[in-house]
Amino acid sequence: MLFGNQDVLAGGCDSPVRSGWAVGGAPFVQTRGEGPYAYDESGTRYIDYIMAYGPLLFGHTHPALLGNLDELAVGGVVWGSTHPEEVRLAQRVRTHLPSMERLRFVTSGTEAVMSAIRVARAYTQRPLILKFAGNYHGHFDLALLDAGASAHTADAARSGIPAGVTADVAVARYNDLASVDELLHGRERDLAAIIVEPIVGNMGYVTPVAHFLEGLRERADTHGALLIFDEVITWLRFGLRGAQGRAGVTPDLTAIGKIMGGGFPIAAFGGRADVMRVLAPEGGTFTGGTHAGNPFCVAMAHRVLDLVEAHPEYYPYMEMLGTRLADGIASIFARRDLPYAVVAHESIVDFKFRPGPPARNYDDARAADRQKYAAYYHAMRSHKILLPPSQNEVMFVSTAHTVDDIDDTLEAMERSLDVIGD
Ligand SMILES: Cc1ncc(COP(=O)(O)O)c(C=O)c1O
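Small disclaimer: the values here were computed from a predicted structure and weren't measured.

(A) View of the overall build of the protein. The helix and strand tally for the protein stands at 14 helices and 14 strands. In summary, the protein has a C-alpha radius of gyration of 21 Å against a globular reference of 22 Å for 422 residues, a match within 12%. If you line up the protein on its principal axes, its C-alpha atoms span 60 × 55 × 45 Å. Long-range pairs, those at least 24 residues apart, make up 72% of the contacts in the protein with a sequence separation of at least 6. Carbon and sulfur atoms form 53% of the exposed surface of the protein, whose accessible area is close to 17,500 Å². Here the protein carries 37 positive and 50 negative side-chain charges, and the mean point of each set is 3 Å from the other.

(B) View of empty space enclosed by the protein. In the structure shown here, the tally under the stated rule is 2 cavities of 30 Å³ or more. A volume near 100 Å³ is recorded for the largest cavity. What lines the largest cavity is a set of 15 residues, among which A341, V343, K352, P358 and A359 lie closest to the centre. Secondary structure elements with two or more residues in the lining of the largest cavity: β11 (340–345) and β12 (348–355). When residues in the lining of the largest cavity are grouped by element, the largest group, 4 residues, is from β12. Residue composition of the lining of the largest cavity, by class: 10 nonpolar, 2 polar and 3 charged.

(C) Molecular detail of the environment of A143. As for its placement among the helices and strands, A143 is situated in the loop between β5 (128–132) and α4 (156–159). Remark: the alpha-carbon pair of A143 and T399, spanning 256 residues in sequence, is separated by 31 Å. Excluding its chain neighbours within four sequence positions, the residues that come into contact with A143 are K131, H137 and G138.

(D) Broad picture of the environment of H83. Assignment of secondary structure puts H83 in the loop between α1 (63–66) and α2 (84–96). H83 gets classed as buried once you look at its relative accessible area, which sits at 6%. For the pair H83 and N294, spaced 211 residues apart in sequence, the C-alpha separation works out to 8.9 Å. Not counting the four nearest positions on each side in its chain, H83 is found in contact with G293, N294, P295 and V298.

(E) Structural context of the site of the ligand. Around the ligand, a shell composed of S108, G109, T110, Y136, H137, G138, E197, N202, D230, V232, I233 and K258 is seen. At 3.0 Å from an oxygen atom of the ligand is found a side-chain nitrogen or oxygen belonging to N202. K258 is positioned with one of its side-chain polar atoms (N or O) 2.7 Å from an oxygen atom of the ligand. The fraction of the free accessible surface of the ligand (390 Å²) that becomes covered by protein chains is 81%. For the shell around the ligand, the per-class residue count stands at 3 nonpolar, 6 polar and 3 charged.

Rules of the game
Residues numbered from 1 in each chain as written. Predicted model: local features only at pLDDT ≥ 70, side-chain atom pairs only at ≥ 80, totals over all residues. Heavy atoms only, no water. Helix = DSSP H or I, 4+ residues; strand = E, 2+ residues; numbered from the N terminus. Rg over C-alpha atoms; globule rule 2.2 N^0.38 Å. Contact = heavy atoms within 4.5 Å. Areas by Shrake-Rupley, 256 points an atom, 1.4 Å probe, with all protein chains shown as cover. Lys, Arg positive; Asp, Glu negative; His and termini not counted. Charge placed at Lys NZ, Arg CZ, Asp CG, Glu CD. 1 Å grid on protein atoms, 1.4 Å probe; cavity = no way out; pocket = protein on both sides within 12 Å on 5 of 7 lines; lining within 4 Å. Points joined across faces, edges and corners; volume = space filled by probe spheres on them. Nonpolar A, V, L, I, M, F, W, Y, C, P; charged D, E, K, R; others polar. Buried < 20%, exposed > 50% of the residue type's maximum accessible area, 1.4 Å probe, protein only. Near = heavy atom within 4 Å. Polar contact = N/O pair within 3.5 Å; in protein donor to acceptor, adjacent residues only side chain to side chain.

Following this line, the structure appears as structure tokens:
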């Protein structure tokens, strides 16, 4: 099947989910975004719940972020020297995430997690990484094994990931400490780190069951390994203290990204000062980047923090919208006698075409009816609602969405279910 312009753009896209392969049909081609809306080539307006897969907590065009952008560029946008504003940004991040005693800026979530893992291996002098099926940590080699989101590496031979990498990764079931113990049995002394999304947004929305994160913390400690939280989605989505603030479990290292740049590419990794000391020039472990900590993206990240700090009311507003959407979907299902669970957590809303309670792991999430989601996606699109073109993704509500947007979405859902059938 052809996606978009494959003649020049490989696969017709820069990130496979955008090709629409998981739902079939023509990909959505966007020409503009404004507030909570996406516009296609004909100028038609859609209520957007993709929100760039997370970064757009404030919608597409918040004036406090995108106003006077040239002010941020008067002194140049990338310098190749260290500067005071990156230090100030690091201090601000640490104020909100005290576990990040030392940190370093990079340009993407992928780089942030990849770097945290290298630091963990260097610090522990061990090779093994334990990760979870259905979590997504970016597109570097080891992260892709049984990853969620739209990463598919089932065919290892064709994936470009060498067997040498696979040998040092164990993939456990989320929310299943027994599977962690089973995989680690006999390899405890090889374990460098456990990496986890403390709240998962990449196999649909999945929350940790009671004691799961505590159990990972205990195991990391017992085996002399580190615990890494991937908060690339969750930091700022769940407030200034992120998922770690909510969970009450402190990781050794954390990766953050997405929302922090207000739509521009900046991310960070960091954690315990004694661990981060392995990084050059203090230690022997290298990470770096031409655009890392560039003054333009750093200034944008300051704008994001200014906005979040000045507007505590944004979170309850998004929660009100998310609850209205989730309750509305749940009552549509109830009226139609459909056995699907709706999960909502503040600005994230999700459901699967799968009977029973909410998914707890990737086996559950994979059991959902993909064809039905594809039909639903296209029916909603015909009613000008833009959902993520993959059931592994979630709906993101932003500060720009309105009650009317939510009500229009619910009306479109009724009409879509009428067409696709129950
Ligand atoms: C939890 C998580 N970690 C890491 C990444 C990778 O971030 P990026 O796409 O900025 O490389 C993503 C991207 O979706 C993510 O959701």
